[in-house]
2 protein chains.
Amino acid sequence: MKIILDCFGGDNCPGSAIDGALLALEENKDIQLTLCGDESVIGAYLADKTYDKSRLSILHASEVVTNDDVPTLAVRRKKQSSMMFGLQTLAGGEYDGFVSSGNTGALLVGATIFVRLVEGAQRATLSPLLPTMVDGKQTILVDGGANVDCKASMLKEFAIMGSAFMSSMGVDSPKVALLNNGTEEEKGNALTKEAHALLKDSNINFVGNIEAREMFAGDVDVIVADGFAGNMSMKAAEGMGKTIFSMLKRYITQGGLRAKLGYLLLKPSLKKLKGLMSSDAVGGGVFLGVKKVVVKAHGASNAVAFKNAIMRAMEMAEADACGKIASALAKRDNQ
Amino acid sequence: MKIILDCFGGDNCPGSAIDGALLALEENKDIQLTLCGDESVIGAYLADKTYDKSRLSILHASEVVTNDDVPTLAVRRKKQSSMMFGLQTLAGGEYDGFVSSGNTGALLVGATIFVRLVEGAQRATLSPLLPTMVDGKQTILVDGGANVDCKASMLKEFAIMGSAFMSSMGVDSPKVALLNNGTEEEKGNALTKEAHALLKDSNINFVGNIEAREMFAGDVDVIVADGFAGNMSMKAAEGMGKTIFSMLKRYITQGGLRAKLGYLLLKPSLKKLKGLMSSDAVGGGVFLGVKKVVVKAHGASNAVAFKNAIMRAMEMAEADACGKIASALAKRDNQ
């Protein structure tokens, strides 16, 4: 499998991106990586590193899409950027996937325009894979922020795509739930009430409503939401996680020697916890509904997060996740 | 100040409610409490307790609104319940506030119908007071779930009410932010974009958009959201909190003697943290937009949570929070 990595645009680029690529090459011997971006900068960074040169190449791109770029303009005006040139190259044919930690909106628009939507998809979704309390299990959130104004039919489409994605990842008959303000069928706003009825009538394994407080319980495989509600939930959870860890730090400082000693002893457990709940472990979100694998790594990704995002892209490409989503959408009239 | 406490309907009722009332009587010598519910059950529970009998009375109500009751039916058919009879008694005149841990929807409908909306309010909101990273500071979320389908004009009204509430609590020129999927002005769904423009044009101290991940930062005093997004954010944060604490417990168990010792040493800090982030500390949400103080305690409230909710009601009544909200709404055409 051949994956292109956008080495510019994220907070820790290009260093962490390139380091992540080298970790990925070590972890998986089948992977071939192409680093996209300024070749002199990438070349200089690689100069003193040891890696399998036969599986790493550079694709030169002179520009960078920044977080200040307006997505629709970036697509038109920054065609030579590591992100847009990378996406165009992906669309060209010989590559299997693309990973970027850059401007999310630009990546969404770029993927939609250059890689294009699979037949039957109205929109692409940006779908984070949430950690859960069940060991090794992740839940996909469709949509996590790409589509902030949705119709009920879009939510049904998100459900079909999410279900097909999890199937392609080896989950048998994925459990799909609708994010709502109560578990009872009659709960919801106008949108979720209508979507609930559509999902109930479909052939998806729809298990009903789920409240945001159960997002991480690991009871379901797919959580369906409009991008606004999905984004709120994800970021609120992230905010609570950050708050807890930073308040704990403060209390430990205030707690004197006893608390400090306790912290030292508990450090491995706390580190494990922080790792589980961090975006590094998850390896970013995936775009569902585009013709080829596009993975979004978190803007603040470190090398491990990049490596995980690359592995995610590799896994999706091997499983033909995009093809399976297209097939599921083609069958939707029966669903 | 005279507060009515609904002693039935919550998970730990009537025990925790009554215990909370006794704690409140001890903490504040100006408070007068009326316990609403089955007088024989309440009387039996009080039989062996020591408290200032001159400040505690019982208001008999034979029925109970349960969580299974449909709110609109509960209002019509359970007029003799501790919740509905309590609300009618509050509306009658001699009392200053009402606290309940029962069915939230029924409490909202009951408060709206019996206590009635202040002039100029389209709807009442259920507004939780969120803990923040700033010592002793809380942020109010308007709306946390009462109104799941909103127009932009409603969000502006929520902002006015939230701002007036925080003013009445002693906050000078409360900072009001709009919950959104990005801080930039152009971000948002159709609703928040329109609301942003309305808020920007108002005389409220509107500081712009806030992302859900900053909900607990304590940078703002009022967070404005439609009830659906507000509910998602609050519950997602709650879910993350629960997940972190239960995963930590699991890791400590797995971590052997070292982790257990660390936990024992760190226990005071962890307890403090759990206390800060728990709904017990916060003392429930408040209903903004009704003519008299109505406070919702968390369904799972223990005695301390009830005591805090009673103190909140007391504080709001003393500050004439409802009157100040009405004045702010009356002036809204200038805002």
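The structure this text deals with has already been given above.
What this report covers is the structure whose coordinates are included nearby. Along each chain, residues carry numbers from 1 onward, in the same order as the chain's sequence is written. Ligands are numbered from 1 and chains lettered from A, in the order in which they are written. Local features in a predicted model are, by the rule used here, given only for residues with pLDDT of at least 70; side-chain atom pairs are given and counted only at 80 or more, and totals for whole chains, interfaces and linings are based on all residues. The side-chain numbers reported here are obtained from all heavy atoms of the structure, hydrogens and water having been left aside.

Before going further, it helps to examine the overall build of chain A. Per the secondary structure count, chain A includes 12 helices and 11 strands. Note that the radius of gyration is over C-alpha atoms, with the globule rule given as 2.2 Å times the number of residues to the power 0.38. Its C-alpha atoms give chain A a radius of gyration of 20 Å, within 12% of the compact-globule value 20 Å for 335 residues. In terms of overall dimensions, chain A has a C-alpha envelope of 60 × 60 × 35 Å along the principal axes. Of all 335 residues assigned to chain A, the portion counted as buried reaches 58%. In what follows, residue pairs with any heavy atoms lying within 4.5 Å of each other are defined as contacts. If you take every contact in chain A between residues at least 6 apart in sequence, the share linking residues at least 24 apart comes to 71%. About 13000 Å² of surface is accessible on chain A, with carbon and sulfur atoms providing 50% of the total. Every helix listed is a DSSP run of H or I at least four residues long, and every strand listed is a run of E at least two residues long, numbered separately from the N terminus. Exposure is judged per residue with a 1.4 Å probe applied to protein chains only, and the accessible area is read against the type maximum: over 50% gives exposed, under 20% gives buried, and values in between give partly exposed. The method behind every accessible area is Shrake-Rupley, applied with a 1.4 Å probe, and residues are considered shielded solely by the protein chains displayed.

Turning to the pattern of salt bridges, a few remarks are in order. When a carboxyl oxygen of Asp or Glu is within 4 Å of a side-chain nitrogen of Lys or Arg, the pair counts as a salt bridge. One pass over the structure, following the stated rule, counts 24 salt bridges over all chains. Residues Glu214(A) and Lys242(B) are paired through a salt bridge, measuring 3.8 Å at the closest nitrogen-oxygen approach. You can see Glu214(A) sitting in the loop between strand S8 (206-210) and strand S9 (222-224) and its partner Lys242(B) sitting in helix H8 (residues 227-254), one on each of two chains. Assessed through its relative accessible area of 47%, Lys242(B) is described here as partly exposed. It is possible to trace a salt-bridge network through shared partners that takes in Glu211(A), Arg213(A), Lys235(B) and Glu238(B).

The least-squares superposition of copies is restricted to C-alpha atoms, and to residues with a pLDDT of at least 70 in both copies. Superposing chain B onto chain A takes a rotation of 180° plus a shift of 0.0 Å along the axis, which leaves an RMSD of 0.1 Å. Viewed as a symmetry operation, the transformation between the two copies matches a two-fold axis. Here 100% of the interface residues in chain B have copies in chain A that are interface residues too; the copies meet face to matching face.

This next bit is on the pairing of strand S2 (residues 32-37) of chain B. Residue and element names in this part refer to chain B. Counting buried positions over the six residues of S2 gives five, a clear majority of the element. Crossover handedness is defined here as right-handed if the route from the first strand over the helix to the second strand goes clockwise, with the strands pointing away from the viewer. Regarding topology, helix H1 (residues 15-27) serves as the crossover connection from strand S1 (residues 2-6) to the parallel S2, and that connection is right-handed. With five bridges joining them, S2 and strand S3 (residues 56-60) adopt parallel strand pairing. Bridge pairing links Thr34 to Ser57 in S3. Where the polypeptide runs from S2 across helix H2 (residues 39-46) and back to S3, its parallel neighbour, the crossover connection is right-handed. Pairing between two strands is assigned when DSSP locates at least 2 bridges connecting them.

Quick look at the environment of Ile244(A) now. If you trace the backbone, Ile244(A) turns up in helix H8 (residues 227-254). In the structure, Ile244(A) is positioned 202 residues away from Ile42(A) in sequence and 38 Å away in space, judged by C-alpha atoms. When near neighbours in sequence (up to four residues on either side) are disregarded, Ile244(A) contacts Gly241(B), Ile244(B), Phe245(B), Leu273(B) and Met277(B).

Here we take up the environment of Leu178(A). Residues and elements named next belong to chain A. Relative to the elements of secondary structure, Leu178 occurs in strand S7 (residues 176-179). Leu178 gets classed as buried once you look at its relative accessible area, which sits at 0%. Between the C-alpha atom of Leu178 and that of Ala328, which follows or precedes it by 150 residues, the distance is 19 Å. Beyond its immediate stretch of four places on either side in the chain, Leu178 contacts Leu155, Thr192, Ala195, His196, Leu199, Phe206, Gly208, Asn209, Ile210 and Val224.

On the chain A side, the residues contacting the 55 residues of chain B number 55 residues. Note on definitions: buried area is the accessible-area loss of two parts on being combined, 1.4 Å probe, summed for both. Taken together, both faces of the contact between chain B and chain A bury some 5200 Å²; the carbon and sulfur share is 68%. Where chain B meets chain A, there are six salt bridges. Pairing of N or O atoms within 3.5 Å defines a polar contact, subject to two protein rules: one partner must be a possible hydrogen donor and the other a possible acceptor, and residues neighboring in sequence count only if both atoms are side-chain atoms. Summed over the shared surface of chain B and chain A, the result is 18 residue pairs in polar contact (both at pLDDT 80 or more). Breaking the side of chain B that touches chain A down by element, the ones donating at least two residues are helix H7 (190-200), H8 and helix H9 (256-277) of chain B.

With that settled, the discussion passes to the packing of H8(A) against H8(B). Describing two packed helices takes the angle between their axes plus the distance from one axis to the other. At a closest axis distance of 7 Å, the pairing of H8(A) and H8(B) adopts a crossing angle of 40°. Comparing the axis directions of H8(A) and H8(B) gives the class oblique. Note that H8(A) runs across H8(B); the crossing there is right-handed. Where H8(A) abuts H8(B), its residues Phe228(A), Ala229(A), Met232(A), Ser233(A), Ala236(A), Ala237(A), Met240(A), Gly241(A), Ile244(A) and Phe245(A) lie against Phe228(B), Ala229(B), Met232(B), Ser233(B), Ala236(B), Ala237(B), Met240(B), Gly241(B), Ile244(B) and Phe245(B). Charged residues are taken to be Asp, Glu, Lys and Arg, nonpolar residues to be Ala, Val, Leu, Ile, Met, Phe, Trp, Tyr, Cys and Pro, and polar residues to be all remaining types, Gly included. In terms of residue class, the contact of H8(A) with H8(B) is built from 16 nonpolar, four polar and no charged. Only the stretch in contact is used when fitting a helix axis, every axis being a line fitted to C-alpha atoms; angles between N-to-C directions are given from 0 to 180 degrees. Should an angle fall under 35 degrees it is called roughly parallel, over 145 degrees roughly antiparallel, and 65 to 115 degrees roughly perpendicular, with every other angle called oblique. The handedness criterion is simple: a crossing whose near helix is rotated anticlockwise from the far helix by less than a right angle is left-handed, and one whose near helix is rotated clockwise is right-handed.

On to the packing of helix H1 (residues 15-27) of chain A against helix H2 (residues 39-46) of chain A. All names here are of chain A. Here H1 crosses H2 at 60°, and the two axes come no closer than 11 Å. Accordingly, the angle class assigned to the pair H1 and H2 is oblique. Crossing angle aside, the handedness with which H1 passes H2 is right-handed. Contact residues: H1 offers Gly15, Ile18, Asp19 and Leu22, while H2 offers Ile42, Tyr45 and Leu46. Split into classes, the residues belonging to the contact of H1 with H2 amount to five nonpolar, one polar and one charged.

Residues and elements named next belong to chain B. The 11 strands are arranged S3-S2-S1-S4-S11-S10-S5-S6-S9-S7-S8 in an open sheet whose pairing can be described as mixed. Two strands bound the open sheet, and with one partner strand each, they are S3 and strand S8 (206-210). Mean inter-strand twist for the sheet, computed between neighbouring axes without regard to direction, equals 25°. Pairing geometry for strand S10 (residues 285-288) and strand S11 (residues 293-296), over two bridges, is antiparallel. In the strand pairing of S11, Gly285 is matched with Lys296.

To continue, consider the nonpolar core. Judged by nonpolar contacts, the single largest core of 62 residues is most densely connected at Leu5(A), Leu33(A), Leu35(A), Val99(A), Ile140(A) and Phe165(A). We define the nonpolar core as a collection of buried residues of types Ala, Val, Leu, Ile, Met, Phe, Trp, Tyr and Cys that are connected through side-chain atoms lying within 4.5 Å of one another. Leu129(B), Met154(B), Met166(B) and Leu329(B) belong to the second-largest nonpolar core, a separate cluster that totals 61 residues.

Working definition: rings of Phe, Tyr and Trp (its six-membered ring) pair if their centres are within 6.5 Å, and the pair is stacked with planes under 30 degrees apart, edge-to-face with planes over 60 apart, and tilted otherwise. Under the counting rule described, the total for this entry stands at zero aromatic pairs over all chains. The rule for a charge over a ring is simple: NZ of Lys or CZ of Arg within 6 Å of the ring centre, and within 35 degrees of the ring normal. For Lys53(A), the ring lying beneath its charged end belongs to Tyr51(A), and the centroid distance is 4.7 Å.

Attention now moves to the side chain of Ser233(B). Relative to the helices and strands, Ser233(B) is located in helix H8. Once residues within four sequence positions are removed from consideration, Ser233(B) is found in contact with Met232(A), Ala236(A), Leu179(B), Ala212(B) and Met215(B).

Attention shifts here to unusual backbone geometry. All names here are of chain A. With an omega dihedral of 25°, the bond running from Val142 to Asp143 counts as a cis peptide bond. Residue placement: Asp143 occurs in the loop between strand S6 (138-142) and helix H6 (152-168). For Asp320, which is not a glycine, the phi torsion comes out positive at approximately 50°. The topology assignment puts Asp320 in the loop between helix H11 (303-318) and helix H12 (321-330).

So, on to the side chain of Asp6(A). Residue and element names in this part refer to chain A. Residue position: Asp6 is located in strand S1 (residues 2-6). Notably, Asp6 is buried but unbridged: the nearest opposite-charge side chain belongs to Lys296, and the N-O separation is 8.8 Å. Side-chain polar atoms of Asp6 contact the backbone nitrogen of Phe8, separated by 3.0 Å. Residues within four places of Asp6 in sequence aside, it is in contact with Ala17, Cys36, Ser82, Met83, Phe98, Val99 and Ser100. None of His or the chain ends enter the tally, which takes Lys and Arg as positive and Asp and Glu as negative.

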